[in-house]
Every structure is written in C-alpha cells, then in structure tokens.
Amino acid sequence: MTTTLDEPTPGEPTAGETASSSATEPGEALPPTISDMKVAPKLLESAGLITVEVEVEHADVVTITVDGGEPVALASVSDTLFTGDIAVFGESWNGDHVVEAIAARDAETSEPRTDTFTVVAPAAGGELWLKKSPLVPSYGNAVDVDDQGDVLELFTHATPQGQECFLRRRDDKGVPVWIGDSRWIAQGSDCVGEDVRFAPDGTIWVLVNVYENGFGRWQLWHLDDEGLPLGQTPEDGSLTHLGRGLDVNDAGDVLLCGTWPATQADDDAWVRLQRAVGEPWTVPWDYRSPFEPDKEHQFSERTRDCAFVEDRIVVVGEAWGAHQQGNQEGQNRGFSVEFSFSAMTLAEVVNPGTPAWHSGHLAVAADELGGYVTAGYNCGAMITPCNDTRGGLRWFALGATEVDMKAMPEARRVMDVARSPSGYVVAAAEGLQADEGFIVQGWFSGATDPVVNYTGAKTKLQVATGIAADPVGFILAGGYYQEADDTLAAGIVKLHPY
C-alpha cells in the first residue's frame, strides 16, 4: 500500500485527535492539575490573614509553601476547590512573598503554581487604639482575646460603698459589644477582679474575690457570650480562701489556684482542676526547706497564677520565710510547681538567693518551646520590705528547670505574660517611672533585646496589669491610668505585633 500525505500513517492520531487523548488509555486516571490559584489580598498593610484558593482537577490533596518553607495542606471545600489562610504576624513579614501550590493524587503530583503577596506592616509596638473606661475611678485586672479578636476587659470600680467588679467586651476595633457597655459581676458584693478567660465554646469564665467584713473568698462565674450568667449562682470558695489564677484549655477544662490559711501564721497554695467531664479535685501545696524537709508550714506560699502547659498544670507565686540555713531573716522567693491532671506533684523549684535577695513570680504562660515562662521581679537589696525591685522573665523546661532569664531593668514588676502565635512572649509591666509605667515588651527566649517595646504616653500614674495576643499576634494590654484631673481610669491598648 502506498502512503500519501492525505492518509494517516497507521498508529498515528487522525485529524481532530490530540496527543494527550491518545496517551491516556481507557480507564486510566488523569493526572492532577491546578487550573487556577488566587492569593488575596495582594497587599497587606498590617498583621492579618492571606487567603489562598486553589482550583484543581483530579486531585485529592493540595499543599502550599511560603517562601520555600514547610508544606502546609489546604482544606478541601469540594472536589475541585481547596482553601486556607496564611497568618501574617506583622513587621517581621514586611516585603514580598511567594506562595507555591502543588496538587497531588496518590503518588502523582501536578506542576507547581505560584502567586505572590506583599506586606507593609507598621512597626511593632505601635498603637492601633487606646480606650479608657467611662466608669471611674477604676483599674484594670485582666484581659483575654478570642479567635475573632474580641477582647474581654475585667476591671474593678471603686465606690464609697466598696469595690465592684465589671466585665467589658470590645470588638477588634475597640468598640464595646454589649448593650449598656459592661456587665456587673457579683452585684451587691465588695468585689475585686482577678482573672478572665474565653472558653473554646465561646462562653466566659470570670474569677473574682468577694469580701465580707474584711475576709475574702473566691467566686467563679460562668457567663454566656453576652456576659450573662449561666446558672443561678457562681461557684464559691470557703471564707479566707482567695483565688488568684484562672486558665481554660482546649478541652474546656477549668483551672483555678489561690491561697488559703494553713495555720494562724502560715498560708498554703492550692490548685483546683474542674474537668469538662467528671468531678473537680483540689489539692494544697506546702513548701518544705531542703535543709528541714520534715518541717511543715514553715513558709507562707502566696499563689499568683496558674496555667495549663502541655500535659501539666503549673502554679507559680512567692514563698515567704527563712530560706537560708542558719539565718532566720524572712525572704520572698519565687516558686514554680508542676502537677499532673491526676493531682500528683511532678516537679517544683524555689528560686535561689542569687541573683536576688527577694524574688517572685506574678504570672505564668506556656511558651512556644513546650515549656513555660514566668513574669515577676527580683530585688538585690538585703532588706525587708525590698522596694527597689526590678522586673524579670524566666523560661522553664518541663521539670521546673530554668533555661533562660531576661531582666527588664526599666520595669519595677512584670505583672502578666502571654504567648504570642508569632513565637515570642509578650509581657505587661509596671515601670519604674510612675508617669511612664505602662510598659509592654515582646521577647524571644535567648534574645538580647525585645522585639516589641511600648511605653504609654505620659500620665501621672500608669500600670499595665494584663496581657493577651490574638490569633495573628496583635497585642492587647490592660491596666490603668491616672488622668490630669487625678481620676483613675481602667484602660486597654491594642498594639501592632512583630
């Protein structure tokens, strides 16, 4: 047979056929491909989220990398659409970034597809907004923030009849959410706010101390997302049992800690775990000196805070007593105790006399390294009371092993600490200078300088007392300010992250 130009060669595709169609046998799976990719917004002018959408064919997995980093899987919206968010934490992200997507099915992968975005975030520590309470005189006690950026502000209002506890919720722009501005907690009681936490279901837990004839007891309130009580009454501690710290984990377990009297001259620490399912337990902790381990109640343990850390519970505070063998002079020493979820004491440490004569831990938070960081103070002067204190942060590995310490010499005391999703911890402090006393810093373990360093605009007196970080690292710090007319006002500031 003679082959002409008008006749196809046997085995070659005829007119209208394509090479690809001939390459796929009947029943053979088509290779994964990316048909479209969108990254938005293209320009981000602050910390925030970059949304990635990838349209695919014949794929069941899509992963992305940012600037060649670790692959992250996108979520499947449908057979052909996958999506996810990139958390941009602020100034440290400034510049241009490349997002690469690869689709896969079984062992086959698509050709990569790329897109870009640019970040021009403001300098870390700059103010987004500063809000002060219209209810005065008042002072801030604690703050917390949820996944949407709403912030809770627990504060105490002083009146001629006594003190009153209030809770306010603001949106991410600082605007009060609840009708009537705030919620009065423990109405009719002389009350001081202690701590507040969002639960994973969106409800709110509030810890306060109420006082009767000068004697206090803790109260734990459970509120809905409108700040209204769930149930008829709060949970109450016994008289003279004071609450100091509160935490809630992802499972909805609630942690409390505080101090109660052990003898007429001595206090003990206590910790209470209320599981989401099951009965709560409460156990005390009494520090015993290494050189007198058989003697009980030789020190007053003044609990300041507690937190869930990995599979443990950490309680911190100050132990007052004679810490040096042969010397009966009293000192404060910061303590840290780790408990299991079954109430066993796993590890404990009381800070030695060096580099300070007095020391104390006032707050604790889990860090990004699987351990925790404490906030507090040191004081080198061998006198009591030791008023010349300096702030400090201490990092611990599980097992109560100190791994790093950062002095904050411009702070008198570091009042609170929180973990930022951007990898560092943020701290709220009382400054040495009363008119510049609202201090917020951000620290990486091992660093020599803070990555965030904020001081409030001068007022006669100001102190930062509480701190939290939202899902993209924005910093929320609460406290109080003494205004020009000498009115004390609770306040809260939102800061750009690093």
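From a predicted model like this one, the values you see are computed outputs, not experimental measurements. (Residues numbered from 1 in each chain as written. Predicted model: local features only at pLDDT ≥ 70, side-chain atom pairs only at ≥ 80, totals over all residues. Heavy atoms only, no water.)

Across the sheet, four strands lie side by side as 20-21-22-23; this open sheet has antiparallel pairing. The two strands at the open ends of the sheet, each matched to only one other strand, are strand 20 (242-248) and strand 23 (281-285). The mean inter-strand angle of the sheet, taken between neighbouring strand axes irrespective of direction, is 25°. Relative to strand 23, strand 22 (residues 266-274) is paired through five bridges, and the arrangement is antiparallel. Bridge pairing in strand 23 links Arg 272 to Thr 282. (Pairing = 2+ DSSP bridges. Helix = DSSP H or I, 4+ residues; strand = E, 2+ residues; numbered from the N terminus. Axes fitted to C-alpha atoms, helices over the stretch in contact; angles between N-to-C directions.)

This paragraph deals with the packing of aromatic side chains. Using the criterion set out here, one finds 13 aromatic pairs in the structure. Arranged with centres 4.8 Å apart and planes meeting at 40°, the rings of Trp 285 and Phe 335 form a pair that is tilted. Residue Trp 285 is found in strand 23, and its partner Phe 335 is found in strand 26 (residues 331-339); the two are separated by 50 residues along the sequence. One exposure class covers both Trp 285 and Phe 335, and it is buried. Cluster of aromatic residues (ring-pair linked, three or more members): Trp 285, Tyr 287, Phe 299 and Phe 335. (Phe/Tyr/Trp six-rings, centres within 6.5 Å; stacked < 30°, edge-to-face > 60°. Buried < 20%, exposed > 50% of the residue type's maximum accessible area, 1.4 Å probe, protein only.)

As a further point, take the environment of Ala 397. Inspection of the secondary structure assignment puts Ala 397 in strand 30 (residues 390-397). In this structure the C-alpha to C-alpha distance between Ala 397 and Tyr 372, which are 25 residues apart in sequence, comes to 6.6 Å. The residues contacting Ala 397, other than those within four sequence positions of it, are Glu 338, Tyr 372 and Val 403. (Contact = heavy atoms within 4.5 Å.)

In this structure, Val 52, Val 54, Val 56, Ile 86, Val 88, Val 99 and Phe 117 are the most contacted members of the largest nonpolar core, which totals 23 residues. The greatest single-element share of this core, amounting to four residues, is contributed by strand 3 (residues 48-57). Val 54 has contacts with Ile 34, Asp 36, Met 37, Val 62, Leu 74, Thr 80, Leu 81, Phe 82 and Ala 101, leaving out every residue within four places of it along the chain. Residues Phe 299, Cys 306, Ile 313 and Phe 335 belong to the second largest nonpolar core, which totals 19 residues. (Core = buried A, V, L, I, M, F, W, Y, C linked by side-chain atoms within 4.5 Å.)

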